[in-house]
Amino acid sequence: MKDIVEECGISRGGLYKYFGSTREIFEELLSGQKGNDVSFFLEGMSNRISATDIFHEFF
């Protein structure tokens, strides 16, 4: 969440108002992107790639 907050320039509280975890954010993004290809995110997370880098690659 820290990476997302810093990259987006929003407060942590503002982010938690809408999303309880990074998983919820990923699921929301996937609902409209890349045919719900969860494996893209899971692979990045398992390789310990930062959320910022995963988002940059995704978009």
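## Comments concerning the nonpolar core
Step number 1: Core analysis: the biggest nonpolar cluster contains 12 residues, these being Met 1, Ile 4, Val 5, Leu 15, Ile 25, Phe 26, Leu 30, Phe 41, Ala 51, Ile 54, Phe 55 and Phe 58.
Step number 2: Of all the secondary structure elements, the ones that give two or more residues to this core are helix H1 (2–8), helix H3 (22–30) and helix H5 (51–58).
Step number 3: Per-element tally for this core: the top contributor is H5, with four residues.

## Topic: the environment of Met 45
Step number 1: Among the secondary structure elements, Met 45 is positioned in helix H4 (residues 38–46).
Step number 2: By relative accessible area, Met 45 is classed as partly exposed at 38%.
Step number 3: In this structure Met 45 touches Phe 26 and Ile 54, once residues within four positions along its chain are discounted.

## Quick look at H5
Step number 1: Looking at H5, one finds that the buried residues are Ala 51, Thr 52, Ile 54, Phe 55 and Phe 58. The buried residues of H5 occupy an angular sector of 165° when the element is viewed end-on, so they sit on one face. For H5, the exposed residues lying more than 90 degrees away from the buried face are His 56 and Glu 57.
Step number 2: Buried residues along H5 sit against H1, H3 and H4.

## Notes on the packing of aromatic side chains
Step number 1: Applying the stated criterion to the full structure yields three aromatic pairs.
Step number 2: Residues Phe 26 and Phe 41 carry aromatic rings whose centres are separated by 4.5 Å and whose planes lie at 35° to one another, so their mutual orientation is tilted. One end of the pair, Phe 26, is in helix H3; the other, Phe 41, is in helix H4, and 15 residues separate them in sequence.
Step number 3: Ring geometry for Phe 26 versus Phe 55: centroids 5.3 Å apart, planes at 35°, classification tilted. In this pair, Phe 26 is assigned in helix H3 and Phe 55 in helix H5, connecting sequence segments 29 residues apart.
Step number 4: Assessed through its relative accessible area of 5%, Phe 26 is described here as buried.
Step number 5: Of the residues examined, Phe 55 reaches a relative accessible area of 14% and is grouped as buried.

Calculation notes
Residues numbered from 1 in each chain as written. Predicted model: local features only at pLDDT ≥ 70, side-chain atom pairs only at ≥ 80, totals over all residues. Heavy atoms only, no water. Core = buried A, V, L, I, M, F, W, Y, C linked by side-chain atoms within 4.5 Å. Buried < 20%, exposed > 50% of the residue type's maximum accessible area, 1.4 Å probe, protein only. Helix = DSSP H or I, 4+ residues; strand = E, 2+ residues; numbered from the N terminus. Contact = heavy atoms within 4.5 Å. Arc of directions from axis to C-beta. Phe/Tyr/Trp six-rings, centres within 6.5 Å; stacked < 30°, edge-to-face > 60°.

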